[in-house]
Amino acid sequence: MEKYKNKNGIELSFTNDNDAHEELVKEVVVEAIKILKMHDSNCKISMAMAMNNTKKFLRTNFDI
């Protein structure tokens, strides 16, 4: 999979500089992935709830 680029061709470029903001963004994304994985893979309702919870979490934390 390729990195996402916006319409101007700009992509995220996080380094390992221990920047507090960068680390927090990474933690939020990791937590979102954890929420997304919290479902019963045999249950469509559970999967839908996990996706909705992940979307809500991302919208809340990124104010989107």
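The structure displayed is predicted, hence computed values, not measured ones.

Trainee: I'm lost on the environment of Lys 26 in this one. Help?
Mentor: Looking at where Lys 26 falls in the secondary structure, it is placed in helix H1 (residues 20-37). Owing to a relative accessible area of 28%, Lys 26 belongs among the partly exposed residues under this scheme. Lys 26 sits 18 residues away from Lys 44 along the chain, and the two C-alpha atoms are 28 Å apart. When near neighbours in sequence (up to four residues on either side) are disregarded, Lys 26 contacts Phe 14, Thr 15 and Asn 16.

Trainee: What is the right way to look at unusual backbone geometry in this model?
Mentor: Only a minority of non-glycine residues have a phi that is not negative, and only a minority of peptide bonds are not trans. At Asp 63, a position not held by glycine, the phi torsion is positive, near 50°. Tracing the sequence through the fold places Asp 63 in the segment after helix H2 (44-62).

Trainee: Could you clarify how one ought to interpret the pattern of salt bridges in this entry?
Mentor: Between side chains of opposite charge, a pair can form as their charged atoms come close. For the structure shown, the criterion picks out two salt bridges. Put simply, Glu 22 and Lys 26 hold a salt bridge, and the shortest N to O gap is 3.3 Å. Of the two residues, Glu 22 and Lys 26 are both situated in helix H1; the distance of four residues between them amounts to about one turn of the helix. The class of Glu 22 is buried, set by a relative accessible area of 6%.

Conventions used here
Going along each chain's sequence as written, the residues are numbered from 1 onward. Confidence filtering applies because this is a predicted model: local features only for residues at pLDDT of at least 70, side-chain atom pairs given and counted only at 80 or more, and all residues used for totals across whole chains, interfaces and linings. Derived side-chain values reflect all non-hydrogen atoms in the structure, with water molecules and hydrogen atoms excluded from consideration. Counting from the N terminus, the helices are DSSP H or I runs at least four residues long and the strands are E runs at least two residues long. For every residue, the accessible area obtained with a 1.4 Å probe (protein chains only) is divided by the maximum for its type, and the residue is called buried under 20%, exposed over 50%, and partly exposed between those limits. Contact criterion: two residues are considered in contact whenever any of their non-hydrogen atoms come within 4.5 Å of each other. Think of a salt bridge as a Lys or Arg side-chain nitrogen and an Asp or Glu carboxyl oxygen that are within 4 Å of each other.

These figures capture arrangement, not role.
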